[in-house]
Amino acid sequence: MPTYLFQLGHCPDLSHAEILGVNPRFGGALHSPQRLPNAVICKTDSEETIHHIFNELGGAIRLCEVIHTLKIEGWNSVSSDILVESILAAKLDSILMSSEHRAIFGLTFLGDSSAQSPRKLHNLLHETAVGLKNHLREKECSCRFVLPDPNEKRVELSGAQVDKNNLLEKGLEIVFHFDGQQTLILGLTKRIQAYEEFSQRDYGRPQRDARSGMLPPKLARMMINLARTDETKTILDPFCGSGGILMEASLAGLGATGFDNSEKAVNDSLENRKWLENRFPDLHNKIRVFHGDACSLHSLCEPLYFDACVTEPYLGPPVTQPLNETQFEKISHQLEPLYIRALGEIRAAIKPGGRVVFITPRFRLQDSTQTGVLSILREIKLLGYTILDPFAEFQSTDRRATLIYERPKQVVLREIFVLKS
Ligand SMILES: C[S@@+](CC[C@H](N)C(=O)[O-])C[C@H]1O[C@@H](n2cnc3c(N)ncnc32)[C@H](O)[C@@H]1O
């Protein structure tokens, strides 16, 4: 049975949880998924299904087929000679020699690179590429190669480099994943995330509102995948803003209804809906948007109508510096009652057993390595919700089994709850 590797996005735990969330909807096609530093590997007997799964994900960057696995003894054993040898052992040189065009390959390094400087890894990839090129030249095969940009800290090719050089259609992207200890995996990239489409929906849509916060479409997609089960056909977003979650839900084939108490946000969502429908006419009628208060959903929609809820509520006033204790207390007291009221209303609006994926903020604090978390766990349980643990097959748990989405230097982190009504 072939083995595949999903490269995880910049919040690897969240991306991992998304894969575990999607798998049951595809009949458990990913067998024994196993976590590596920045990847999940698994076996599958259906190549077609794994491609479908990859298409659905917001948090996976690459899908690679594992070609060869090597046991080595730590970083000291990783050399360009070893990497070239593994490429030859996997007979990738023969694939390149049989190319109808001038052979082209790219090299990418994934996995735990914390013990090495990017410069050292760039050199390693460069020496490996030259080693392979020399080997091919001896066999009278002319080739060229593409490497990650040495001015960047990343040691992986960008999606644009892979596309521009046609690596997946006319060449090979060879991927090395080292777990930092003893397992070196050699893979071939089969798919790259549709980065341009995600970016178009993020930056190219007509309306975005930086003030009230913009949820990245990839995060919206991950949240939808955490909320969705086989039964899910409709989702509710009672704090819909400019409609990022509604758009991703409709593209994922779901009906999506949004409410917002700001006229501007409702108009923004409607304009974005129109823009999306112009690009994808099949999505006509998938999105509905209304003006309304998330704390009065009972007067806006039928009880137990929606299958699930995915939402990012108001996260408090804009914050650019870590908070002191007084500031944190003040914001918490403003947000906690809003979230508890809205969660009570959401519970009445979705079907029993439906999932709610709900963001709350976590604040960086002055003079502390800890983040300030809201005290809402007890109230969430009192409302009748079960907290689900994404890493234990979405079973109920008593602990705060939340997922974190953060960017470097961000002061407000997003904490994601997966709840069952
Ligand atoms: C963080 S934004 C949502 C961003 C949205 N996910 C997006 O991608 O555009 C929160 C939204 O909640 C709305 N809001 C705040 N309080 C509300 C309430 N009580 N009922 C409904 N909407 C509310 C704000 O107007 C704002 O548009």
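Everything here concerns the structure above.
Residues numbered from 1 in each chain as written. Predicted model: local features only at pLDDT ≥ 70, side-chain atom pairs only at ≥ 80, totals over all residues. Heavy atoms only, no water.

Points about the pairing of strand S15 (residues 386-389)
Sheet topology note: the S15/strand S18 (residues 412-420) ladder contains two bridges and is antiparallel. Looking at the pairing, Ile387 lines up with Leu419 of S18. Where S15 meets strand S16 (residues 395-397), three bridges bridge the pair, whose relative direction is antiparallel. Counterpart to Ile387 in the pairing with S16 is Thr397. In this antiparallel pair of consecutive strands, S15 and S16, the connection spans five residues, and Glu393 shows a positive phi of 55°. (Pairing = 2+ DSSP bridges. Helix = DSSP H or I, 4+ residues; strand = E, 2+ residues; numbered from the N terminus.)

Section: the sheet that holds strand S4 (residues 60-71)
Sheet strands pair via backbone hydrogen bonds, and the direction of the pair is either parallel or antiparallel. An order of S2-S3-S1-S4-S8-S7-S5-S6 is seen for the eight strands of this open sheet, with the pairing classed as mixed. At either margin of the open sheet sits one strand with a lone partner, and together these are strand S2 (31-36) and strand S6 (143-146). The mean inter-strand angle of the sheet, taken between neighbouring strand axes irrespective of direction, is 30°. Summarising the sheet, strand S1 (residues 3-8) and S4 pair through five bridges and their orientation is antiparallel. The partner of Phe6 across the bridge, within S4, is Leu63. Packing against the sheet, helix H5 (residues 118-138) makes contact with strand S5 (103-111), S6 and strand S7 (172-178), and its axis sits at approximately 150° to S5. (Axes fitted to C-alpha atoms, helices over the stretch in contact; angles between N-to-C directions. Contact = heavy atoms within 4.5 Å.)

Re the nonpolar core
If you look at the biggest cluster of nonpolar residues, it comprises 67 residues, and the most contacted ones within it are Leu14, Ile346 and Val356. It is helix H12 (residues 325-349) that provides the largest number of residues to this core, a total of eight residues. Not counting chain neighbours up to four residues away, the residues in contact with Leu14 comprise Leu219, Met222, Leu226, Leu403, Ile404, Tyr405 and Ile416. Listed in part, the 30 residues of the second largest apolar core include Leu96, Ala129, Cys141 and Leu186. (Core = buried A, V, L, I, M, F, W, Y, C linked by side-chain atoms within 4.5 Å. Buried < 20%, exposed > 50% of the residue type's maximum accessible area, 1.4 Å probe, protein only.)

Looking at the environment of Cys295
On the secondary structure map, Cys295 appears in the loop between strand S11 (287-291) and strand S12 (308-311). Using a relative accessible area of 8% as the deciding quantity, one classes Cys295 as buried. Between the C-alpha atoms of Cys295 and Ile53, which are 242 residues apart in sequence, the distance is 35 Å. In this structure, Cys295 is in contact with Leu338, Arg341, Ala342 and Glu345, ignoring residues within four places of it in sequence.

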